[in-house]
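# Secondary and tertiary structure notes
What follows is each chain in one-letter form.
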Amino acid sequence: MNRLKRIGLIAASCLCVSASVATVTENTVIVAEAHSGRTDAHGGHRDNKNKSGLGSYHYHCGGHPAHLHPNGVCPYSNSSAAAASAANQTAAQSNTVSANRPASANSTENTAADVQTVTQEMMENYSAVFDAAYYYNHYEDLQNAVGNDSLKLFQHFLNSGMQEGRQGCESFNVSVYRQNNPDLEEAFGDDLPQYYHHYMNNGCHEGRICH
């Protein structure tokens, strides 16, 4: 009889332990980091396994969640909001024009409608990397194909010049900027317009070598 009581007590104890384990399991929260690694001087780092889903390089500026810098602009930076807006507007307005169109294709075929896709204000936002007079004087093919209309020259710079790595002003050379900033080379690779936008929004204030 005593043996049966002991067996009963053991069985009851096992049930209590099982219930306790189940309760702990249901209420335990496991926190997993998407990835680890320190950020560089620009608030970003490599993510070679793309654990974030944002590609091989992304940012954590100001402790914000992992994010990208479209057109070289941090979406969390109020100081660059105006430049970002101008860059995004320009990109949206240029969707119908091929980025790799040769200068000859932008010659007399440019109509008033083409010129209206850019404005004087937009051109001024790019003043760190573009000067219409310099662009005209240093590219003979543009003198013949586009002429000296500043907005048409700016249109060409946006749609083709940056993709081709053309120098838009005396103070900025994209090849020099890329060669002297390996962190940008790692982040942007062959996406040349990103270097122009990064210099406009960050590099010029950081005093980076650019010419």
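Residues numbered from 1 in each chain as written. Predicted model: local features only at pLDDT ≥ 70, side-chain atom pairs only at ≥ 80, totals over all residues. Heavy atoms only, no water.

### So, the overall build of the chain
Here is the rule: In DSSP terms, a helix is any run of H or I states spanning at least four residues, a strand is any run of E spanning at least two, and both are numbered starting from the N terminus. For each residue, the accessible area found with a 1.4 Å probe, counting protein chains only, is set against the maximum for its type, and the residue is called buried under 20%, exposed over 50%, and partly exposed in between. Should any heavy atoms of two residues lie within 4.5 Å, those residues are counted as being in contact. Surface exposure here means Shrake-Rupley accessible area, sampled with a 1.4 Å probe, where a residue is shielded only by the protein chains that are shown.
Each helix and strand in the chain was counted, giving ten helices and two strands. The order of helices and strands in the chain, counted from the N terminus, is α-β-β-α-α-α-α-α-α-α-α-α. When burial is assessed residue by residue, the chain has 36% of its 211 residues classed as buried. Considering only intrachain contacts with a sequence separation of at least 6, the fraction spanning at least 24 residues in the chain is 55%. Total accessible area on the chain is roughly 12,400 Å²; 52% of this is exposed by carbon and sulfur atoms.

### A closer look at the packing of aromatic side chains
Applicable threshold: Each Phe, Tyr or Trp ring (for Trp, its six-membered ring) is paired with any other whose centre lies within 6.5 Å, and the angle between the two planes then decides the class: stacked below 30 degrees, edge-to-face above 60, tilted in between.
In this structure the tally under the stated criterion is twelve aromatic pairs. Aromatic side chains Phe-157 and Tyr-196 sit 5.6 Å apart centroid to centroid with 85° between the ring planes, which places their arrangement in the edge-to-face category. You can see Phe-157 sitting in helix α7 (residues 150-164) and its partner Tyr-196 sitting in helix α10 (residues 192-206), a full 39 residues away along the chain. Residues Phe-157 and Tyr-196 agree in their burial class; the two are buried. An aromatic cluster of at least three residues, connected via ring pairs, comprises Tyr-126, Phe-130, Tyr-135, Tyr-139, Phe-154, Phe-157, Phe-172, Tyr-177, Tyr-196 and Tyr-199.

### Some points on the environment of Tyr-76
As for its placement among the helices and strands, Tyr-76 is situated in the loop between β2 (57-59) and α2 (81-93). For the pair Tyr-76 and His-64, spaced twelve residues apart in the sequence, the C-alpha separation amounts to 7.9 Å. Contacts of Tyr-76, omitting those with residues within four sequence positions, involve His-64, Pro-65 and His-67.

### So, the pattern of salt bridges
As a working rule, side chains carrying opposite charge can pair if their charged atoms are close by. Rules: Salt bridges are identified by distance alone: a Lys or Arg side-chain nitrogen within 4 Å of an Asp or Glu carboxyl oxygen.
Applying the stated criterion across every chain, the model contains six salt bridges. Put simply, Arg-166 and Asp-141 hold a salt bridge, and the shortest N to O gap is 2.8 Å. Here the residue Arg-166 occupies a position in the loop between α7 and α8 (174-179), and Asp-141 occupies one in helix α6 (residues 140-145), the gap between them amounting to 25 residues. Close ionic contact of Asp-190 with Arg-178 constitutes a salt bridge, the shortest N to O distance being 2.6 Å. Placement of the pair is Asp-190 in the loop between α9 (182-188) and α10 and Arg-178 in helix α8, with a sequence separation of twelve residues. Linked by salt bridges that have partners in common, Asp-141, Glu-164 and Arg-166 make up one network.

### What to know about α10
Since the α-helix turns once every 3.6 residues, residues separated by three or four places project in the same direction. Which entries qualify depends on this criterion: Note that the bend at a residue is defined as the angle between axes fitted to the seven residues ending at it and the seven residues starting at it.
The sharpest bend along α10 comes to roughly 60°, located at Tyr-199. The buried fraction of α10 is high, at eleven of 15 residues. Of all the positions in α10, only Leu-192, Pro-193, Gln-194, Tyr-195, Tyr-196, His-197, His-198, Tyr-199, Met-200, Asn-201 and Gly-203 are classed as buried.

### Points about the side chain of Gln-167
Applicable threshold: Whenever a nitrogen or oxygen atom comes within 3.5 Å of another N or O atom, the pair is scored as a polar contact, on the condition that within protein one atom can donate a hydrogen and the other can accept it, and that pairs from neighbouring residues in sequence are kept only if both atoms are in side chains.
Structurally, the position occupied by Gln-167 is in the loop between α7 and α8. Here the side chain of Gln-167 touches Glu-170 through a polar contact of 3.4 Å, landing on its backbone oxygen. With residues near it in sequence (within four places) discarded, Gln-167 still touches Tyr-134, Tyr-135, Tyr-139, Phe-172 and Asn-173.

### Points about the confidence of the model for the chain
Note the cut-off: Known as pLDDT, the predictor's confidence for each residue is given on a scale from 0 to 100.
Within the chain, residue pLDDT values average 72, and 59% of them lie at 70 or more. Contacts from residues 16-34, a stretch scored under 50 in pLDDT, to residues over four places away or in other chains number one contact. Contacts of residues 79-87 to residues separated by more than four positions or lying in other chains number eight contacts, the stretch itself having pLDDT below 50.

### Details of the side chain of Arg-208
For Arg-208, the location among the structural elements is in the segment after α10. On the basis of relative accessible area, Arg-208 is assigned to the buried category, the value being 13%. For Arg-208, the side chain forms a polar contact with the side chain of Glu-206, separated by 2.7 Å.

### Let's talk about the nonpolar core
Stated precisely, the cut-off is as follows: Put simply, buried Ala, Val, Leu, Ile, Met, Phe, Trp, Tyr and Cys residues joined by side-chain atoms within 4.5 Å make one nonpolar core.
Counting residues in hydrophobic clusters, the biggest one holds 34 residues, and the most contacted among them are Tyr-126, Val-129, Phe-130, Phe-154, Phe-157 and Phe-172. Sorting the residues of this core by element identifies β2, α4 (120-125), α5 (132-138), α6, α7, α8, α9 and α10 as the ones contributing at least two each. Counting residues per element, this core draws most heavily on α7, which supplies six residues. When neighbours within four sequence positions are excluded, Phe-154 is seen to be in contact with Val-118, Thr-119, Met-122, Met-123, Tyr-126 and Phe-130.

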